[in-house]
Each structure stands twice: as C-alpha cells, then as structure tokens.
Amino acid sequence: MLQGRNNEENDQLTNTAGAFQSDGRDVEFSQELADRDDLVAQERSKAADQRAKARKKQ
C-alpha cells in the first residue's frame, strides 16, 4: 500500500485529515446562492435525518 514511499510522503498523507476539521463557525445556507452540489448535499442531509429518526423510533 504505502510501501516504497519515504516517511515524509507518509507524514503528508496522515496529516491531510487536519485539513478537513471544522473551524466551529456556523454558516447560513442561502437558497439563492446555492449551486447543484449544495442542493444535492441538502437532500442527502434530509434523507439522513429521516433515516436517523426512523431508527430512533424502533
């Protein structure tokens, strides 16, 4: 898998997770400024919420 790569390259790969951490700021959603990716993400979020509510009722 990562064999043959030097330690510096491996360190860079393991440190990329830090780039995806939230800064804790709450960002408002604007329907007018939303692109297709935003709308798809919003639909996926709604579907996930519905699945979580259905599991909670069981």
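It should be noted that the structure appears before, not after, this text.
Please read all numbers here as calculations on a predicted model, not as lab measurements.

Right, let's talk about the overall build of the protein for a bit. A count of helices and strands for the protein gives two helices and zero strands. Of the roughly 6100 Å² of accessible surface on the protein, 47% is carried by carbon and sulfur atoms.

Right, let's talk about the pattern of salt bridges for a bit. One pass over the full model with this rule turns up one salt bridge. Among the ionic pairs, K46 bridges to E43, the shortest N-O distance being 3.9 Å. You can see K46 and its partner E43 sitting in helix α2 (residues 36-57), three residues apart, about one turn around the helix.

Attention shifts here to the environment of Q31. Along the chain, Q31 turns up in the loop between α1 (7-15) and α2. Beyond its immediate stretch of four places on either side in the chain, Q31 contacts L39 and Q42.

A few words on α2. Taking 1.5 Å per residue as the helical rise, α2 with its 22 residues ought to reach 32 Å, and the 32 Å between its terminal C-alpha atoms agrees with that figure. The N-cap residue of α2 is D35: its side-chain oxygen and the backbone nitrogen of D37 are 3.3 Å apart.

Criteria and thresholds
Residues numbered from 1 in each chain as written. Predicted model: local features only at pLDDT ≥ 70, side-chain atom pairs only at ≥ 80, totals over all residues. Heavy atoms only, no water. Helix = DSSP H or I, 4+ residues; strand = E, 2+ residues; numbered from the N terminus. Areas by Shrake-Rupley, 256 points an atom, 1.4 Å probe, with all protein chains shown as cover. Salt bridge = Lys/Arg side-chain N within 4 Å of Asp/Glu carboxyl O. Contact = heavy atoms within 4.5 Å. Expected span 1.5 Å × (residues − 1). Polar contact = N/O pair within 3.5 Å; in protein donor to acceptor, adjacent residues only side chain to side chain.

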